[in-house]
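Okay, here's what each chain looks like letter by letter:
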Amino acid sequence: MTNRHIIFKTFIDFLLNPLAPPTSLPLQGQGGVASQRKKLSAPRISLSLDQSEDDLFDTPDDLDINVDDLDTPDEADYTDHEIDWEEPQASQSESVKETVEPIPTYSAQEERQDSKLWRTVIIGEQEHRINMKSIEPYQKVISHGGYYGNGANAIIVFAACFLPDSDREDYHEIMENLFLYVISTLELMVAEDYMIVYLNGATPHRRTPGFNWLKRCYQMIDRRLRKNLKSFIIVHPSWFIRTILAITKPFISSKFSSKIKYVNSLAELKELIPMEYVHIPECIIRQDEELREAAENSKISSFLQGSENPQESIAQPNASSS
């Protein structure tokens, strides 16, 4: 029986009875046909570094490498590489520092100054905000002129020469904020009875407030302020302001119309109220002096013309009698 038949028979017995050890193939040392194993001989390995003819792979002469001649990285090279890696990060951080600006500090003085730019007021049970920055050059339009009478009656001075020019692009915005400022300031200044001195002198036509603005001021004034107003004095009235007041007369009460008084000079105003704390702008003082000189010249001219007329009247009877 050949080995092929023995292997095939052993495979069949294993399939029929896998738990039983094979009987057809005798174990080694029990007689029978001895198992034959093929021995493979390992090739001879030469551990010598010297080149010889038996070497399977010959190294060519042009690939000889001298270990001593190789440049190996030292500590300085590693340091340089570390610097090279850190330089992009440093440059990136520097660029970030350049683009990002630090937040400026906000001092207490600047905070107080910023709070002054806007003022919240309540007029007619409605809350309004006033842009104080826009009306900063025109806040002199209203001022406190002291007291009169028993010491509790306030004098409110309104100088129209400090109003903005109507040819400004932001004229309506300024007048709106200025209107709220005047009304709210008036309520703060007035405790009991008061009077308003309207300085109309030295005010060109382009600065004279319009009809709608004055009408709104009157309508927005609190009822208490209307009642406590004792007189409304207009100094140096022009034909334009007289015309505006004549137009507004149907919209105001007869009591308010009776409180309006026209004063042609500061001397006449001094006879009505104490002038100790009333601030009069320089432009109005100059105009008042010019008007006084013009009035005196007019009186002198009228006097001279009047003195000549009696002589003519006297000469005429003598001529007729003759």
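As a reminder, the structure under discussion sits directly above these lines.
Residues numbered from 1 in each chain as written. Predicted model: local features only at pLDDT ≥ 70, side-chain atom pairs only at ≥ 80, totals over all residues. Heavy atoms only, no water.

Novice: Mind showing me how you'd approach the overall build of the protein here?
Specialist: Helix and strand counts for the protein come out as 10 helices and seven strands. Within the span of the protein, comprising 322 residues, buried residues form 27% of the whole. For the protein, the share of sequence-separated contacts (at least 6 apart) that also reach a separation of at least 24 residues comes to 71%. Only carbon and sulfur atoms are counted for the fraction: they give 54% of the accessible area of the protein, which is about 24,800 Å². (Helix = DSSP H or I, 4+ residues; strand = E, 2+ residues; numbered from the N terminus. Buried < 20%, exposed > 50% of the residue type's maximum accessible area, 1.4 Å probe, protein only. Contact = heavy atoms within 4.5 Å. Areas by Shrake-Rupley, 256 points an atom, 1.4 Å probe, with all protein chains shown as cover.)

Novice: Just to check I follow, could you spell out the side chain of Thr-185 for this structure?
Specialist: Of note, Thr-185 is situated in helix H4 (residues 171-189). Setting aside its immediate chain neighbours within four residues, Thr-185 contacts Arg-119 and Ile-142.

Novice: Where do I start with the pairing of strand E6 (residues 229-235) in this structure?
Specialist: Within a regular beta strand, the side chains point alternately toward one face of the sheet and then the other, so they alternate between its two faces. Of all seven residues in E6, six are buried, a share of seventy percent or more. Pairing of strand E5 (residues 194-199) with E6 involves six bridges; the strand directions are parallel. For Met-195, the partnering residue across the bridge sits in E6 and is Ser-231. By the bridge criterion, four bridges tie E6 to strand E7 (residues 260-263) in an arrangement that is parallel. Bridge pairing in E7 places Ile-233 opposite Lys-261. (Pairing = 2+ DSSP bridges.)

Novice: Teacher, can you tell me more about the packing of aromatic side chains here?
Specialist: Two descriptors summarise a pair of aromatic rings, namely the distance from one centre to the other and the angle between the planes of the rings. A full pass over the atoms with the stated rule returns six aromatic pairs. Arranged with centres 6.4 Å apart and planes meeting at 75 degrees, the rings of Phe-179 and Trp-213 form a pair that is edge-to-face. In this pair, Phe-179 sits in helix H4 while Trp-213 sits in helix H5 (residues 211-220), placing the two residues 34 residues apart along the sequence. For the pair Phe-179 and Trp-213, a shared accessibility class is recorded, and that class is buried. Over the face of the ring belonging to Tyr-262 we find Arg-242, whose NZ or CZ atom lies 4.3 Å from the ring centre. (Phe/Tyr/Trp six-rings, centres within 6.5 Å; stacked < 30°, edge-to-face > 60°. Lys NZ or Arg CZ within 6 Å of the ring centre and 35° of its normal.)

Novice: Just to check I follow, could you spell out the pattern of salt bridges for this structure?
Specialist: Pairing between side chains of opposite charge can happen when their charged atoms approach one another. One pass over the full model with this rule turns up seven salt bridges. Between Arg-206 and Asp-165 there is a salt bridge, with its nearest N and O atoms 3.4 Å apart. Separated by 41 residues along the polypeptide, Arg-206 in the loop between E5 and H5 and Asp-165 in the loop between strand E4 (153-159) and H4 bring together distant segments of the chain. Residue Arg-206 is classed as partly exposed on the basis of its relative accessible area of 41%. By relative accessible area, which is 18% here, Asp-165 ends up buried. Here Glu-176 ties to Arg-216 by a salt bridge, and the two come within 2.5 Å at their closest N and O atoms. You can see Glu-176 sitting in helix H4 and its partner Arg-216 sitting in helix H5, a full 40 residues away along the chain. Take Arg-216: its relative accessible area is 33%, and that puts it in the partly exposed class. What emerges from the salt-bridge pattern is a single network uniting Asp-165, Arg-206 and Arg-207. (Salt bridge = Lys/Arg side-chain N within 4 Å of Asp/Glu carboxyl O.)

Novice: Is there a simple way to explain the environment of Trp-118 in this structure?
Specialist: Counting through the fold element by element, Trp-118 comes out in strand E1 (residues 118-123). With a relative accessible area of 42%, Trp-118 lands in the partly exposed category. Measuring from C-alpha to C-alpha, the distance between Trp-118 and Lys-133 comes to 7.6 Å, with 15 residues separating the pair along the chain. Aside from chain neighbours lying at most four places away, what touches Trp-118 is Arg-129, Ile-130, Asn-131 and Met-132.

Novice: When you look at the environment of Gln-139 in this model, what are you seeing that I'm missing?
Specialist: Counting through the fold element by element, Gln-139 comes out in the loop between strand E2 (126-131) and strand E3 (142-148). A C-alpha to C-alpha distance of 7.9 Å links Gln-139 and Phe-162, two positions 23 residues apart in sequence. Ignoring any residue separated from it by four or fewer positions in sequence, one finds Gln-139 in contact with Met-132 and Tyr-181.

Novice: Looking at this structure, I do not really get the side chain of Asn-228. What am I missing?
Specialist: With respect to the secondary-structure elements, Asn-228 resides in helix H6 (residues 223-228). Look past the residues within four positions of Asn-228 in its chain and what remains in contact with it is Glu-192, Asp-193 and Tyr-194.

Novice: I'm lost on the nonpolar core in this one. Help?
Specialist: It is characteristic of soluble globular proteins that their nonpolar side chains tend to be buried jointly. If you look at the biggest cluster of nonpolar residues, it comprises 40 residues, and the most contacted ones within it are Ile-156, Leu-178 and Tyr-194. For this core, the elements supplying multiple residues, two or more each, are E1, E4, H4, E5, H5, E6 and helix H7 (239-248). Ranked by the residues each element gives to this core, the list is headed by H4, at 10 residues. Contact partners of Tyr-194, with chain neighbours within four places excluded, come to Tyr-148, Ala-154, Ile-156, Leu-186, Leu-225, Arg-226, Asn-228, Leu-229, Lys-230 and Ser-231. Core analysis: the next-biggest nonpolar cluster, separate from the first, contains 17 residues, Val-157, Met-195, Val-263 and Val-278 among them. (Core = buried A, V, L, I, M, F, W, Y, C linked by side-chain atoms within 4.5 Å.)

Worth remembering: the numbers are spatial, not functional.
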